[in-house]
Amino acid sequence: MFRLLKGLAWLAAIAALAGLGLLVAVYYQFSSELPDPGGLRHVEYQTPLEIHSADGELLARFGSKKRFPVAIEEIPESVVHAFLATEDARFYEHPGIDIQGLLRAAWELVRTGKKGQGGSTITMQVARNFFLSPEKTYTRKLKEILLALEIERMLSKDEILELYLNKIYLGHHAYGVAAAAEIYYGKSLQELNLAQTAMIAGLPKAPSRLNPITDPQEGKARRNYVLKRMRDQDFISESAYRQAVAAPVSAALDPFEQKAPYVTEQIRAELYERYGEALYTQGYRVTTTIDSRLQQAAERAVQFALHAYDERHGYRGVEGQVAAGASEAEISRALARLESAGATLPGLVVAVNQKTKQAQIRLTSGQTVTLEWSGIRWARPALSGNRLGAFPKTVEDVFEPGDLIRLRRDAKDRWRLAQIPQIQGALISVDSRTGAIRAMVGGYDFDLSKFNRAVQSQRQPGSGFKPVLYTAALETGFTPASLINDAPIVVHTAEGTWRPENYSGKFYGPTRLRVALRKSRNLVSIRLLREIGLDKVIATALRFGFQPSQLPRTPTLALGSGTASPLDMSRVFSVFANGGYRIEPHLIEQVALGDDQIVSHSQPLRACESCEHPAPRILSPGIHYLMHTMLQDVVRRGTAVRATQLGRRDLAGKTGTTDDQRDAWFNGYASPLVTISWVGFDSGKPLGYGETGSRAALPMWIEYMKAALENQPEHPFPVPDKVVTAWIDPYTGKRTESHSDAIEEYFLEEQLPEYQPTMTQPDSNNSPESILNTLF
């Protein structure tokens, strides 16, 4: 017996020596082919581009791999325990390879002829995930074992576990535990409950097959297996185990939708030009100038204005029908085909009550809501030629049960019949002191049209260009009291004869410049351009930031026949809002790699002469102040008077309406905030009679500024030196004595008008109309 035991011992020793020799031989065979694990100390994970608002809200992520690396100290103990219990219970005991696990795997191979699970430690998985291919070969396995031993020699157990928990693929583009927590539960790791933690820990075995989205039952079974392993390892109590096993499957793909898509796409495209494909994998983190509250207000304002225009032009009818007696599946499919768009939701008319003039509408969520007559009665049929049919008298004049329609919430949160507007719009809001863009919307719905009209469009600015013309006039020597004759004019051009008109079709005779800008008189603008010269107007426009290609060298420039985007117009009106400085609008505040490595930081030019980076002053304080008061008059008594509903004295701006009402603008500000709103068809077709900047675009501006200016103090401009006030005769523009009919006007000190001792009497012989009659 002793001899037998001695023989077996010798055999074991020989086998061990042979095994050691084999291991040494294998090491020398493959050592030259193995990568250096030292690089794991400085590993760079592929992480997506993140874009954040100025106030820290996540706006978008770009990149196919969703990974948010976390330090081991930040990972909850329950997460660590769940993965250890499932993947490698002896992780903190073995040297990188688990002999027991390998022997079990080898025995399974001998017994069944199939490769089984259980042979890989967490360290071996790190070796495979970072350095080796996923192919299942004996050669790869040997390399994996050797690398695991080397990794254990170089790194601590916590360092290895941190690498593993940040690298492991967990399905649905989630790499690492933090990404999985957000994608499956919309939570941070610290917010996960035990059942959710176990669900994530069960994913590495088969992330595509066992995840709770693809197969909730398989996912639940795997989760409960993880919980049992945690209980067997005494990581959790019996009561915690039972409670977690009984928990329902709560996973659902994170409903994160890209916020401010026109903004984030603009930034993504700009940064891609700088960084290429690395933009999506290197963990770039962008801080924008966007204020998330103002951005939401801007999106609501654009939708509000476009729906208001759309309703004024009639209802185009239901979007489909569901046959009577359709099954639940057929109804669900029909509703699903009508995806949500902008502010609208698809719905099925379930029932109509003619007595109460109400309708019951089923939404895609399965909820049934009541649509009142107040939300239906606007729906006059839209006819050809921009004509409208009669107002409906009953609900069934508009739709009936089985019809597929759209709804939206109105300003009072009531349901309202809706349709996707065919009209488009844009809004951009800028801090005129620095050019920081606080909100930007490029269209009704990014998913329907990715064309960013706030930046990419080039539309005629119409009367919105007139402040540039009037600035040139003041700099040439005109004053707000200068008279220009508002009378018919004929212009002969190479293209033919042009007979411009005022929007009203009327003529008003000699008109002070302040009144002409306030009322947006076209004929005054054309005569003014003739007086000061086209070259002077273009030179002034170039100072405001226009490009030569945007400025036609024809008299039509006086009426804004050039081109501009809302972004361009925000640059122009920032000059009036900031005291006369030209700033550059920008979206990106900072680009960083991760949380601490700053790649670039904006250094915008600022609207002040004593700043470190002063913007160029393009208007003198006096000229700026005169123009500011004239633009205030547009709001107080002119074409934008409805903006006075905001109840502020610091509002100023200019409406813009182009020929045939193809573009409608309002360019306005309450210093320091400048906001530009635009409405028009992409095709350039006319908006329809009466759809001026005041009617189509100004309501968008008001709706946005209502939110943007809430609790914001007014910032009036002080009267600068060398600007004085004087009483003038409103009919002649000449200086006079204070009188009940005299008005007060601002002038540059050196441009006070000629004095007249007596006032012109406003009678039939010297009214503007009679003066006009004497000229022809």
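Everything here concerns the structure above.
Every chain's residues receive numbers from 1 upward, in the order its sequence appears when written. Only residues with pLDDT of 70 or above have their local features reported here, since the model is predicted, and side-chain atom pairs are shown and tallied only from 80 upward, although totals for entire chains, interfaces and linings are computed over all residues. Just so you know, side-chain values use all the structure's heavy atoms and leave hydrogens and water out.

Participant: What's the story with the overall build of the protein in this structure? I'm lost.
Facilitator: When you go through the protein residue by residue, the secondary structure sums to 21 helices and 24 strands. Buried residues are those whose accessible area, probed at 1.4 Å on protein chains only, stays under 20% of the maximum for their type, while exposed residues exceed 50% and partly exposed ones sit between those limits. Expressed as a percentage of its 776 residues, the buried residues of the protein come to 51%. Any two residues having at least one pair of non-hydrogen atoms within 4.5 Å are treated as being in contact. Counting contacts in the protein only where the partners sit at least 6 residues apart, residues at least 24 apart contribute 67% of the total. Residue exposure ignores everything except the shown protein chains as possible cover, and the areas themselves are Shrake-Rupley values with a 1.4 Å probe. Split by element, the accessible area of the protein, about 36,200 Å² in all, is 51% carbon and sulfur. Secondary structure counts use DSSP, requiring at least four H or I residues in a row for a helix and at least two E residues in a row for a strand, with both numbered from the N terminus.

Participant: How do you make sense of the side chain of Asp 431 when you look at a structure like this?
Facilitator: Mapped onto the secondary structure, Asp 431 falls in strand 12 (residues 424-431). In this structure Asp 431 touches Ala 436, Arg 438, Pro 672 and Leu 673, once residues within four positions along its chain are discounted.

Participant: Could you clarify how one ought to interpret the nonpolar core in this entry?
Facilitator: Most often, soluble globular proteins keep nonpolar side chains buried together rather than apart. Membership of the largest hydrophobic core comes to 120 residues, with the highest contact counts inside it found for Tyr 470, Phe 546 and Tyr 704. It is helix 20 (residues 693-708) that provides the largest number of residues to this core, a total of ten residues. Apart from residues lying up to four places away in sequence, Phe 546 is in contact with Phe 465, Val 468, Ala 541, Leu 551, Thr 563, Ala 564, Met 569 and Val 572. Ile 72, Phe 83, Leu 132 and Leu 227 belong to the second largest nonpolar core, which has 53 residues in total. By nonpolar core is meant a set of buried Ala, Val, Leu, Ile, Met, Phe, Trp, Tyr and Cys residues that side-chain atoms within 4.5 Å join together.

Participant: So what exactly am I meant to see when it comes to the sheet that holds strand 1 (residues 49-52) here?
Facilitator: Strands pair in a sheet through their backbones, by hydrogen bonds, and they do so in one of two ways: parallel or antiparallel. Here a strand pair is declared whenever DSSP counts at least two bridges between the two strands. Spatially, five strands are ordered 2-1-3-18-19 in an open sheet, and the strand pairing comes out mixed. Edge strands, defined here as strands with exactly one partner in the open sheet, are strand 2 (58-62) and strand 19 (597-601). Direction aside, the axes of adjacent strands within the sheet are offset by 20° on average. Angular values range over 0 to 180 degrees, each being the angle between N-to-C directions of two axes fitted as lines to C-alpha atoms, with helices fitted over their stretch in contact. Sheet strands touched by helix 11 (residues 261-275): strand 1, strand 2, strand 3 (284-288), strand 18 (588-593) and strand 19. Its angle to strand 18, the strand with the most contacts, is close to 55°.

Participant: Whenever I open this one, the sheet that holds strand 12 confuses me. Can you help?
Facilitator: In spatial order, the strands read 13-12-22-21-20; together these five strands make up an open sheet with antiparallel pairing. One side of each edge strand has no neighbouring strand; the edge strands of this open sheet are strand 13 (436-441) and strand 20 (651-657). Between one strand axis and the next, the sheet turns through 10° on average, direction left out of account. As paired strands, strand 12 and strand 13 are joined by five bridges and run antiparallel to one another. Bridge pairing in strand 13 places Val 430 opposite Ile 437. Along the sheet face, helix 20 touches strand 12, strand 13, strand 20, strand 21 (663-670) and strand 22 (673-680) and points at about 145° away from the line of strand 22.

Participant: Please explain the pairing of strand 10 (residues 403-409) as it appears in this structure.
Facilitator: Working note: regular strand, side chains alternate between the two faces of the sheet. In terms of residue burial, strand 10 counts as a mostly covered element, since six of its seven residues are buried. Relative to strand 10, strand 5 (residues 345-353) runs antiparallel, the two being bridged by four bridges. Each bridged residue has a counterpart across the sheet, and for Leu 348 the counterpart in strand 10 is Leu 404. Pairing of strand 10 with strand 11 (residues 415-418) involves four bridges; the strand directions are antiparallel. Across the sheet, residue Arg 408 finds its bridge partner in strand 11, namely Arg 416. Where strand 10 folds back onto strand 11 in an antiparallel hairpin, the turn is made up of five residues, including Asp 413, whose phi is positive at roughly 65°.

Participant: Explain the state of the cysteines to me, please; I cannot follow it from the model alone.
Facilitator: In protein structure, a disulfide is the covalent linkage between the sulfur atoms of two cysteines. The disulfide criterion used throughout: a pair of cysteine sulfur atoms within 2.5 Å. This model, assessed by the stated rule, comprises one disulfide. Covalently, Cys 608 is tied to Cys 611 through a disulfide, its sulfur atoms 1.5 Å apart. Linking Cys 608 and Cys 611, the disulfide has an S-S dihedral of approximately 125° and is accordingly described as right-handed.

Participant: Hey, could you run me through the packing of helix 2 (residues 77-87) against helix 6 (residues 157-167) in this one?
Facilitator: Between two packed helices, both the angle of their axes relative to each other and the distance between the axes serve to describe the pair. One can describe the packing of helix 2 onto helix 6 by two numbers: an axis separation of 12 Å at closest approach and a directional angle of 90°. In terms of their interaxial angle, helix 2 and helix 6 are classed as roughly perpendicular. Counted together, Val 80, Phe 83, Leu 84 and Glu 87 of helix 2 and Leu 161, Tyr 164 and Leu 165 of helix 6 form the full contact between these two elements. Its residues placed into classes, the contact of helix 2 with helix 6 shows six nonpolar, no polar and one charged. Should an angle fall under 35 degrees it is called roughly parallel, over 145 degrees roughly antiparallel, and 65 to 115 degrees roughly perpendicular, with every other angle called oblique. When residues are grouped by polarity, Ala, Val, Leu, Ile, Met, Phe, Trp, Tyr, Cys and Pro land in nonpolar, Asp, Glu, Lys and Arg in charged, and all others, Gly among them, in polar.

Participant: Would you explain the environment of Gln 295 in this entry?
Facilitator: For Gln 295, the location among the structural elements is in helix 12 (residues 292-312). Overall, Gln 295 belongs to the buried group, its relative accessible area being 4%. Residues Gln 295 and Arg 438, 143 residues apart in the sequence, show an inter-C-alpha distance of 7.0 Å. Sequence-distant contacts of Gln 295, defined by excluding residues within four places in its chain, comprise Ala 260, Val 263, Ile 290, Arg 438, Ala 439, Met 440 and Val 441.

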